[in-house]
Amino acid sequence: MLAYLTSWIYALPLLILAAFCLYFFRDPDREVPAGPVAVSPADGKVVVVKAEGGGQRISIFLNVFDVHVNRTPIPGRISEVRYQEGQFLVASKEEASHSNEQNTITVEGNVAGKPTRIVFKQIAGLIARRIVCYKKPGDTVAAGERVGLIKFGSRVDVQLGPEWEVAVQVGQRVSAGSSVIARLKT
């Protein structure tokens, strides 16, 4: 009897780890809002909203408890997917946007009859060492469609052009594919 109880004690950490991995890699369906909007490509907390490159950059930090499946902000065609090797700094820090390992995806679309383009980056973090991208240049995507994931804590940056009006603020929590992060200016 004692040997039976002892074997469960050794198995418990592995069971907890397995349960965490099942929780971490969850991929819930999301309701994508209609209209001339850009949706969040990631679950997480907005850590940066700032003017950059003639438009706005929104940075979203994902902790280990967020869903890590990434989605496209707008419908369109993927014109570029570019991988860049880099460091693995803490993803919540500003320098992670340019120094960390990252995968940049450019989507060119037509939203409400206006041609538009959004660039977003999947950025690895201190623990996240693996970026997965399911799409390639030329693929057509719907708003909120799954494009990849970053494993175990990370960051996603979204570069919006001047035709977009930001609809989120620093500190706000967003959900991939369902939270509106920007609206097309009329």
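Predicted, not measured: the structure shown is a model, and the values here were computed from it. As a convention, each chain's residues are numbered from 1 in the sequence order in which they are written. Local features in this predicted model are restricted to residues of pLDDT 70 or higher, and side-chain atom pairs are both shown and tallied only at a pLDDT of 80 or more, whereas totals for entire chains, interfaces and linings draw on every residue. With hydrogens and water set aside, each side-chain value is computed from the structure's full complement of heavy atoms.

Trainee: Is there a simple way to think about the sheet that holds strand β1 (residues 37-39) in this case?
Mentor: DSSP calls a pair of strands paired once it identifies at least 2 bridges connecting them. Runs of H or I in DSSP of at least four residues are treated as helices and runs of E of at least two as strands, each being numbered from the N terminus. One open sheet holds the three strands; their spatial order is β1-β14-β12, and the pairing between them is antiparallel. The open sheet terminates on both sides in strands that have one partner only, identified here as β1 and β12 (164-166). Strand after strand, the sheet turns through a mean of 30° between neighbouring axes, direction not considered. Alignment of β12 against strand β14 (residues 180-184), held across three bridges, turns out to be antiparallel. Paired with glutamate 165 across the two strands is arginine 183, which belongs to β14. Only the stretch in contact is used when fitting a helix axis, every axis being a line fitted to C-alpha atoms; angles between N-to-C directions are given from 0 to 180 degrees.

Trainee: Hey, could you run me through the environment of proline 162 in this one?
Mentor: Along the chain, the position of proline 162 falls in the loop between β11 (154-160) and β12. Judged by relative accessible area, proline 162 falls into the exposed class, the value being 55%. With 46 residues separating them in the primary sequence, proline 162 and threonine 116 have C-alpha atoms 9.7 Å apart. Note on contacts: a residue pair is in contact if any heavy atoms of the two residues lie within 4.5 Å. Every residue in contact with proline 162, bar those within four places of it in the chain, is listed here: Gly54, Gly55 and Lys185. Relative accessibility decides the category of a residue: with a 1.4 Å probe and only protein chains considered, values under 20% of the type maximum give buried, values over 50% give exposed, and everything between is partly exposed.

Trainee: Help me out: how do you make sense of the sheet that holds strand β9 (residues 140-141) in this one?
Mentor: Adjacent strands of a sheet pair through backbone hydrogen bonds, lying either parallel or antiparallel. Overall, antiparallel pairing links the eight strands, which are arranged β9-β5-β6-β7-β11-β3-β2-β13 in an open sheet. The sheet is open, and its two edges are formed by β9 and β13 (173-174), each paired on a single side. Pairing between strand β2 (residues 44-52) and β13: two bridges, direction antiparallel. Considered in β13, the bridge of glycine 44 is made with valine 174.

Nothing here speaks to function; it is all geometry.
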